[in-house]
Amino acid sequence: MTPPVALTIAGSDSSGGAGVQADLKTFAALGVYGTSAVTALTAQNTQGVRAIHPVPADFVLAQVEAVLDDLPVAAVKTGMLATVEIVRAVANLAAGGRLPELVVDPVMVSSSGDRLLEPQAERLYLAALLPHAAVFTPNLREAEVLLNTVIRTLGDQREAARALGALGPATVVVKGGHAVADVAGEAVDVVWDGDRVHELRGHRIDTRNNHGTGCTFASATAAALATGSDAHQAVGHAKDFVTGAITGGAAWRLGRGHGPLDHFADRRTRSAGVLRLNGPTSGQRRPVGGDPNVDPTQLLPP
Ligand SMILES: Nc1ncnc2c1ncn2[C@@H]1O[C@H](COP(=O)(O)OP(=O)(O)OP(=O)(O)O)[C@@H](O)[C@H]1O
Ligand SMILES: Cc1ncc(CO)c(N)n1
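Below is a short write-up of the structure.

Conventions used here
Residues numbered from 1 in each chain as written. Chains lettered and ligands numbered in written order. Predicted model: local features only at pLDDT ≥ 70, side-chain atom pairs only at ≥ 80, totals over all residues. Heavy atoms only, no water. Helix = DSSP H or I, 4+ residues; strand = E, 2+ residues; numbered from the N terminus. Buried < 20%, exposed > 50% of the residue type's maximum accessible area, 1.4 Å probe, protein only. Areas by Shrake-Rupley, 256 points an atom, 1.4 Å probe, with all protein chains shown as cover. Core = buried A, V, L, I, M, F, W, Y, C linked by side-chain atoms within 4.5 Å. Contact = heavy atoms within 4.5 Å. Near = heavy atom within 4 Å. Polar contact = N/O pair within 3.5 Å; in protein donor to acceptor, adjacent residues only side chain to side chain.

Now for the overall build of the protein. A count of helices and strands for the protein gives nine helices and nine strands. The burial tally for the protein puts 47% of its 302 residues in the buried class. Per element, the accessible surface of the protein, about 14800 Å² overall, is 54% carbon and sulfur.

The biggest cluster of nonpolar side chains holds 55 residues, and the ones touching the most others in it are Ile9, Val64, Leu99 and Leu129. The residues contacting Leu99, other than those within four sequence positions of it, are Ile9, Val64, Leu68, Val76, Val90, Leu93 and Ala94. Of all hydrophobic cores here, the second largest spans 28 residues; its members include Ala29, Ala220, Leu225 and Leu261.

The next subject is the site of ligand 1. Around ligand 1, the structure places 17 residues, and the nearest of them are Asn139, Lys175, His178, Asp189 and Lys239. A distance of 2.7 Å separates an oxygen atom of ligand 1 from a polar atom in the side chain of Lys175. The contact in question runs from an oxygen atom of ligand 1 to an N or O atom on the side chain of Asp189, over 2.5 Å. When ligand 1 is considered free in solution it has 620 Å² of accessible area, and contact with the protein chains removes 94% of it.

Purely geometric numbers; function is a separate question.
What follows is the structure in structure tokens.
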């Protein structure tokens, strides 16, 4: 069956754990065909961001339009938008109704503490992009910056979700990966659904491998919207998906800093079961360089 299509408008992470790479893995894991418009190249690894090379806004636009003009995009996720010009270009597309089921993840600072958005773009985010979001997914720090406030307790987190909701998005999730003081042991995300506030609760996994949690949550939300879930169901699915991916990645040893998640944790558990069922393979590995008994020139057409 032809899968639904989602589009990510985000930055490339050379280490593969966040940004476009995390988004495309998430889409694939959730059975959605992923397309992408790259906003910036980043030279980064699990320890930090070394350099950023933004893409000119008109070329970001060219990528988005090439995708939208040809493929039936059912949901869009934005991540790192890097510059004022790119935020403005994406906001104009959204205002023109070109970005369906829009999930806006206001990527400002990486988990290693590096800035990923020009500070001058923050006001524009609030004024121009936020009102078009079906789901807006700031983390605690981003919510603090956007509201010019301090979030210390779950009550503050709930208040922040409500305050951001008043600025126009249909649904807000203030993510609690970087926990507030009074919810130790849990990772609690606060959802404002246009009317009421509720919580997505999950146990806190004790791991340093949290590179790309935010991108994964937002793209899983977009994938669920693309498959027809409503926003309430979509953020619940996304929370389950990210918890599974963090749990799977917690056992990995990749890089010296904040390692990545396992976006295919679920599938790996199932295929490990299949491998166990089939037993060890009896076939021998073919030697590198091909079969020494075959003369490759004999395979060429005369
Ligand atoms: N250690 C953890 N255990 C369980 N869930 C977590 C953990 N860390 C983050 N999460 C979950 O991951 C999702 C992303 O939240 P988080 O606050 O980490 O986003 P973020 O800060 O935007 O991510 P990033 O660090 O990639 O920018 C949320 O659903 C959050 O609850
Ligand atoms: C490209 C990119 N987007 C988002 C994040 C946030 O984790 C990151 N580190 N890198």
